[in-house]
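Residues per chain, in single letters:
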Amino acid sequence: MLPMAHDLQIIDKTQNYKDSKSLVDMLNGFYPYALQRLKHSKPFTLFLTSDQQNAKNPLGKTGFYNPESFEITLFVDGRHPKDVLRSFAHEMVHHTQNCRGEFVSDVSFEGGYAQNNKHLRELEREAYEKGNLLLRDWEDQIKQKRGIMESKDKKNEPKKFKSEVDKEIYEYVNAPKDKKLFDELMRKWTKPTKKDSK
C-alpha cells in the first residue's frame, strides 16, 4: 500500500536563521522522496527551533521526535542545512517506527535509553542507518539530475549549469581541490556567529 500524500507542516520558530528559506525549500524537496520510501501512514508537524545555548554546547541536541504528539523538532542554530536535513531524515524514521507501533507507552526516553534498552537501541540503529542512507540517496539523485556529478568520460568538458545554485553546488562538491573556494562557500552558506561579526 502506498503512503498517503501528506503535506509537510513546518512551523518555523527560528530567530534570524539566515538559511531559513533555503532550508524550508530543501525540507519540502526531500520530504516527498522520504515519504515514498518510509511509507509512514500519519502526518506529523515539523518545528524548526532556535536555541543559542544549545548551539554553544558541542554535545547539544540536534533534534528529537515526540511519539505522543507526532512532532519533530530540529535545532538549526549554527548548523549547515545538510546537517539539519540529516537530523530530519533520522527523526522521520522514528516517526515511521511510531506508525508501525514500535513505541510502546511504558518506554522511558531518559538519558542512556539507547544503551540501556535493547529495543530502543535497535530503533536508534535503524534511524541512523536508514536516515543517513535516505539523505545520501536523495542528494546523489539531485546531483545526477542536475548534471553535477562528474562522469569519467566528461571530466575534461566545460561544465554547463542550469542555474547559479547548481554551479555553487558543483563547486562545493569539488571544493577539496581548492581550499580557498571551499572556505569562501562555507562562509557564504553558514551563519556567522555574533563573535564572527565583531
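In this report, we go over the structure that sits alongside the text.

Cut-off values and rules
- Residues numbered from 1 in each chain as written.
- Predicted model: local features only at pLDDT ≥ 70, side-chain atom pairs only at ≥ 80, totals over all residues.
- Heavy atoms only, no water.
- Helix = DSSP H or I, 4+ residues; strand = E, 2+ residues; numbered from the N terminus.
- Buried < 20%, exposed > 50% of the residue type's maximum accessible area, 1.4 Å probe, protein only.
- Areas by Shrake-Rupley, 256 points an atom, 1.4 Å probe, with all protein chains shown as cover.
- Pairing = 2+ DSSP bridges.
- Axes fitted to C-alpha atoms, helices over the stretch in contact; angles between N-to-C directions.
- Contact = heavy atoms within 4.5 Å.
- Parallel < 35°, antiparallel > 145°, perpendicular 65-115°, else oblique.
- Left-handed = near helix turned anticlockwise from the far one by under 90°.
- Nonpolar A, V, L, I, M, F, W, Y, C, P; charged D, E, K, R; others polar.
- Salt bridge = Lys/Arg side-chain N within 4 Å of Asp/Glu carboxyl O.

1. Quick look at the overall build of the protein chain
Per the secondary structure count, the protein chain includes 8 helices and 4 strands. Reading the secondary structure of the protein chain in the N-to-C direction produces β-α-β-α-β-β-α-α-α-α-α-α. Each of the 198 residues in the protein chain was classed as buried or not, and the buried ones make up 36%. As presented, the protein chain carries roughly 13,000 Å² of accessible surface, and 51% of it is formed by carbon and sulfur atoms.

2. Some words on the sheet that holds strand β2 (residues 45-49)
If you trace the 4 strands from one edge of the open sheet to the other, you get β1-β2-β4-β3, paired in mixed fashion. The open sheet is flanked by β1 (9-13) and β3 (63-66), the only strands paired with a single partner. Going across the sheet, the axis of each strand differs from the next one's by a mean of 15°, ignoring polarity. Bridge count for β1 against β2 is 5 bridges, and the pairing is parallel. Within β2, the residue paired with Lys-13 across the bridge is Thr-49. Against the sheet, helix α3 (residues 81-99) makes contact with β2, β3 and β4 (71-75), and its axis sits at roughly 160° relative to β4, the strand it touches most.

3. Comments concerning unusual backbone geometry
Positive phi, normally seen in glycine, also occurs at Lys-39, with a value near 60°. Secondary-structure assignment places Lys-39 in the loop between α1 (20-38) and β2. Positive phi, close to 55°, is recorded for Phe-70, a residue that is not glycine. With respect to the helices and strands, the residue Phe-70 is situated in the loop between β3 and β4.

4. Some words on the packing of α1 against helix α5 (residues 118-145)
Viewed as axis vectors pointing N to C, α1 and α5 meet at an angle of 120°, and their least axial separation amounts to 10 Å. Of the possible angle classes, the one that applies to α1 and α5 is oblique. Note on packing geometry: the crossing formed by α1 with α5 is right-handed. Here Met-26, Gly-29, Phe-30, Tyr-33, Ala-34, Arg-37 and Leu-38 of α1 lie close against α5, whose contacting residues are Leu-134, Leu-135, Asp-137, Trp-138 and Gln-141. Grouping the amino acids of the contact of α1 with α5 by side-chain chemistry returns 8 nonpolar, 2 polar and 2 charged.

5. Side note on the pattern of salt bridges
A full pass over the atoms with the stated rule returns 10 salt bridges. In this structure, Asp-83 engages Arg-79 in a salt bridge whose closest nitrogen and oxygen atoms are separated by 2.9 Å. A residue is classified by how much of its surface remains accessible, and Arg-79, at 11% relative accessible area, is buried. Residues participating in the shared-partner salt-bridge network are Arg-100, Glu-102, Glu-126 and Lys-130.

6. Digging into the packing of α1 against α3
In contact at an axis separation of 10 Å, α1 and α3 are set at 35° when each is read in the N-to-C sense. In the crossing of α1 with α3, the sense of the turn from one axis to the other is right-handed. Across the interface between the two elements, Leu-23, Met-26, Leu-27, Phe-30, Tyr-31, Ala-34, Leu-35 and Leu-38 from α1 touch Pro-81, Val-84, Leu-85, Phe-88, Ala-89, Met-92, Val-93 and Thr-96 from α3. Taken together, the residues that form the contact of α1 with α3 break down as 15 nonpolar, 1 polar and no charged.

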